[in-house]
Structures are given as structure tokens and as C-alpha cells.
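Next come the chains, spelled out residue by residue.
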Amino acid sequence: VQLQASGGGLVQAGGSLRLSCVGSGRASGIPVMAWFRQAPGKEREFVATINNSGRRTDYAPSVKGRFTISRDNAGNSVSLQMNSLDIEDSAVYFCAGDFDPRRFNSRSVAGFSYWGQGTLVTVSS
């Protein structure tokens, strides 16, 4: 399973950005996919997760109402639409996945077996 994240960049506060994560190999139909982020000097933290059908999603309180996670019908790619970006959202964003459907309830790094390489999001004032 390989996950490839893209879409990061520099954006002004209040702006929007859309991240994408495409899976290959055995990634097709991977039941649970998620986004995490890691700011400099901080631990990697949960951002959002989505189940296989795309009908169940969950978000960290800090991004709820501003970020939207979605996935395509084939199930091997996931997107993160980020609106109303704040300087505090600056971080390297990682996509993650796992074949265990129970991982939908996981909010920890250890709960996911597969990781993309990360894409940098920088929000300027």
C-alpha cells in the first residue's frame, strides 16, 4: 500500500486549500482513511477521518466546521477541503489508512498502518 499526499502550499489566513491523497497497490478500498498534521516542535495530531462508504466522518474540534474530508467512489483516494484557514493550521499534513474498520474510532498515530509522505501547508497572516 502506498499513499501519496499532495495539494499543500502557501495560503493567506482566511483562505482555502484542498489536499488530496491517492492510494496505490492494495490501497483500493482501504476502509478507513484519515488526515493528521504535525506542526514544528509538536506531536502529530488527528485532523479528520472517514469510513469506507464516506458516510461516516469525524473531525478534531479545532477544525470542525472548517474542514471537510471526502473520498472518491473507487475508495482509493481521499481529499481534505480546508476553509477559513488560520495560522495555527500551518503544519505538514499526512494522510493515513488502515484495513481494520475499527480504526475509524482511532485518533492516534499508532492506530493507522499506512502513511503518506506529508504535504506542507503554510498559512500566512
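Residues numbered from 1 in each chain as written. Predicted model: local features only at pLDDT ≥ 70, side-chain atom pairs only at ≥ 80, totals over all residues. Heavy atoms only, no water.

*Asks:* Now, about the overall build of the protein: what can you tell me, with residues and values included?
*Replies:* A count of helices and strands for the protein gives 0 helices and 11 strands. Projected onto its principal axes, the C-alpha coordinates of the protein cover approximately 40 × 25 × 25 Å. For the protein, with 125 residues in total, the buried portion stands at 46%. Counting contacts in the protein only where the partners sit at least 6 residues apart, residues at least 24 apart contribute 60% of the total. Approximately 6200 Å² of the protein is accessible, and the part contributed by carbon and sulfur atoms is 47%. Across the protein, the 13 positively charged side chains and the 9 negatively charged ones have centroids separated by 6 Å. (Helix = DSSP H or I, 4+ residues; strand = E, 2+ residues; numbered from the N terminus. Buried < 20%, exposed > 50% of the residue type's maximum accessible area, 1.4 Å probe, protein only. Contact = heavy atoms within 4.5 Å. Areas by Shrake-Rupley, 256 points an atom, 1.4 Å probe, with all protein chains shown as cover. Lys, Arg positive; Asp, Glu negative; His and termini not counted. Charge placed at Lys NZ, Arg CZ, Asp CG, Glu CD.)

*Asks:* Report on the pairing of strand S7 (residues 67-71), specifying residues and quantitative values.
*Replies:* With burial as the criterion, only one face of S7 is covered, namely that bearing Phe67, Ile69 and Arg71; the residues Thr68 and Ser70 on the opposite face remain uncovered. By the bridge criterion, 5 bridges tie S7 to strand S8 (residues 77-82) in an arrangement that is antiparallel. If you follow Thr68 over to S8, its bridge partner there is Gln81. (Pairing = 2+ DSSP bridges.)

*Asks:* A description of the environment of Thr57 should follow, citing residues and the corresponding values.
*Replies:* Within the secondary structure, Thr57 sits in strand S6 (residues 57-59). For Thr57, a relative accessible area of 34% corresponds to the partly exposed category. Sequence spacing of Thr57 and Ser70 is 13 residues, and the spatial spacing of their C-alpha atoms is 8.3 Å.

*Asks:* So what's going on with the pairing of strand S4 (residues 32-38)? Which residues, and what values?
*Replies:* For S4, the tally of buried residues reaches 6 of 7 residues, placing the bulk of the element in the interior. Strand direction decides the pairing type here: S4 and strand S9 (residues 91-98), joined by 7 bridges, are antiparallel. Paired with Met33 across the two strands is Gly97, which belongs to S9. Relative to strand S5 (residues 45-50), S4 runs antiparallel, the two sharing 5 bridges. Looking at the pairing, Met33 lines up with Ile50 of S5. Hairpin connection between S4 and S5: a loop of 6 residues separates the two successive antiparallel strands, and Gly41 in this loop has a positive phi of roughly 75°.

*Asks:* Summarise the pattern of salt bridges; cite the residues concerned and give the values.
*Replies:* Within the structure shown, the criterion is met by 5 salt bridges. With a shortest N-O distance of 2.9 Å, Arg37 and Asp89 are connected by a salt bridge. Within this pair, whereas Arg37 is found in strand S4, its partner Asp89 is found in the loop between S8 and S9, the two being separated by 52 residues in sequence. An identical accessibility class is assigned to Arg37 and Asp89; each is buried. (Salt bridge = Lys/Arg side-chain N within 4 Å of Asp/Glu carboxyl O.)

*Asks:* Any details on the side chain of Ser90? Residues and values, ideally.
*Replies:* Mapped onto the elements of the fold, Ser90 is located in the loop between S8 and S9. Separated by 3.0 Å, the side chain of Ser90 and the backbone oxygen of Ile87 make a polar contact. A distance of 2.8 Å separates a polar side-chain atom of Ser90 from the backbone nitrogen of Val123. Filtering out sequence-adjacent residues up to four positions away, Ser90 remains in contact with Ala39, Val121, Thr122 and Val123. (Polar contact = N/O pair within 3.5 Å; in protein donor to acceptor, adjacent residues only side chain to side chain.)

What is shown is where atoms sit, not what they do.
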